[in-house]
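Geometric and topological summary
Spelled out, the chains give:
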Amino acid sequence: MQPSYYGGSKEQGFGVTILYEGTDYEILVETVCWLPGRGVTPNGHKNWGVVVGLDGMETNINWHRKDDGVKLGYAGLEVRNDVMLTCGQTRTFMPDNIHSVRNERDTSALSLHVYGRNLSQTGRFEFDPASKAVKPCPTRERSKG
Ligand SMILES: [Fe+2]
């Protein structure tokens, strides 16, 4: 594993290293390093994805959206289940899936992500289950691998 894949922004809570981006945004390959005790709020990807655990353990929480999506800025979510991802384990996403991630350990968790469209181009959303707010996903800090 490249040492450069580890580490990340303390503000963001994780680091993203781009390994490949299609010239027409048709595919994205990246590693994500989840800092100890950190994670990300529920988010969707609006395209297919595959994640492979490389090091450490990340907890993926799958969410179910209860509302019909008609009310702008509103989403009612409830937890569906948790999936632990360790080295060699995989998970897949379909466009409507919503998940959050948490690294509960005191060491970093590293995973490989492949998406069918560059996440910067999908117009995807992130969610706050407590306030039931939904908003555009912020641009992630990234580095080139
Ligand atoms: Fe995600």
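Note that the coordinates shown come from a computational prediction; the quantities given were computed from them, not determined experimentally.

1. Some points on the coordination of the iron ion
When four donors bind a metal tetrahedrally, each ideal donor-metal-donor angle is 109.5 degrees, and when six bind octahedrally, the ideal angles are 90 or 180 degrees. Around the iron ion, the protein contributes the donor atoms Asn43 (OD1), His45 (NE2) and His99 (NE2), at 2.1 to 2.3 Å from the metal centre. In primary sequence terms, the donor set of the iron ion follows N-x1-H-x53-H. Placement of the pair is Asn43 in strand 3 (residues 39–44) and His99 in strand 8 (residues 98–102), with a sequence separation of 56 residues. Residue Asn43 shares its accessibility class with His99, and that shared class is buried.

2. Here we look at unusual backbone geometry
Most peptide bonds take the trans configuration, and most residues that are not glycine carry a negative phi. One non-glycine residue, Tyr25, lies in the positive phi region at around 65 degrees. One can find Tyr25 in the loop between strand 1 (14–21) and strand 2 (28–34). The class for Tyr25 is partly exposed, based on a relative accessible area of 37%. For Lys46, which is not a glycine, the phi torsion comes out positive at approximately 55 degrees. Assignment of secondary structure puts Lys46 in the loop between strand 3 and strand 4 (49–55).

3. Some thoughts on the sheet that holds strand 12 (residues 142–144)
Backbone-to-backbone hydrogen bonds pair the strands of a sheet. The strands run either parallel or antiparallel. The strand order across the open sheet formed by six strands is 7-4-9-2-1-12, and the pairing between neighbours is mixed. Of all strands in the sheet, those bounded by a partner on one side alone are strand 7 (90–93) and strand 12. Between one strand and the next, the sheet's axes are offset by a mean angle of 25 degrees, whatever the strand orientation. In terms of strand pairing, strand 1 meets strand 2 through seven bridges, oriented antiparallel. Residue pairing across strands places Gly15 opposite Cys33, the latter belonging to strand 2.

4. Some thoughts on the nonpolar core
If you look at the biggest cluster of nonpolar residues, it comprises 14 residues, and the most contacted ones within it are Phe14, Trp34 and Tyr115. Among the secondary structure elements, those contributing two or more residues to this core are strand 1, strand 2 and strand 9 (109–115). For Tyr115, the residues in contact, after removing those within four places along its chain, are Glu26, Ile27, Leu28, Glu30, His45, Asn47, Trp48, Gly49, Val51 and Phe93. Of all hydrophobic cores here, the second largest spans seven residues; its members include Ile61, Trp63, Leu77 and Val134.

5. Observations concerning the layout of surface pockets
Where empty space is left can be seen by rolling a probe of water-molecule size over the atoms. Empty space within the largest pocket amounts to approximately 390 Å³. Here the lining of the largest pocket gets four residues from one element, more than from any other, and that element is strand 2. Counted by class, the lining of the largest pocket contains 10 nonpolar, nine polar and four charged residues. Considered as a void within the structure, the second largest pocket measures approximately 330 Å³ in volume.

6. Details of the state of the cysteines
Working definition of a disulfide: a covalent bond connecting the sulfur atoms of two cysteines. Counting across every chain of the model gives zero disulfides. The structure places no disulfide on Cys33, whose sulfur is separated from the nearest cysteine sulfur, that of Cys87, by 14 Å. Free of any disulfide, Cys137 has its nearest neighbouring cysteine sulfur in Cys33, separated by 18 Å.

Conventions used here
- Residues numbered from 1 in each chain as written.
- Predicted model: local features only at pLDDT ≥ 70, side-chain atom pairs only at ≥ 80, totals over all residues.
- Heavy atoms only, no water.
- Donors = N, O, S within 2.8 Å, 3.2 Å for Na, K, Ca; no water.
- Helix = DSSP H or I, 4+ residues; strand = E, 2+ residues; numbered from the N terminus.
- Buried < 20%, exposed > 50% of the residue type's maximum accessible area, 1.4 Å probe, protein only.
- Pairing = 2+ DSSP bridges.
- Axes fitted to C-alpha atoms, helices over the stretch in contact; angles between N-to-C directions.
- Core = buried A, V, L, I, M, F, W, Y, C linked by side-chain atoms within 4.5 Å.
- Contact = heavy atoms within 4.5 Å.
- 1 Å grid on protein atoms, 1.4 Å probe; cavity = no way out; pocket = protein on both sides within 12 Å on 5 of 7 lines; lining within 4 Å.
- Points joined across faces, edges and corners; volume = space filled by probe spheres on them.
- Nonpolar A, V, L, I, M, F, W, Y, C, P; charged D, E, K, R; others polar.
- Disulfide = S-S within 2.5 Å.

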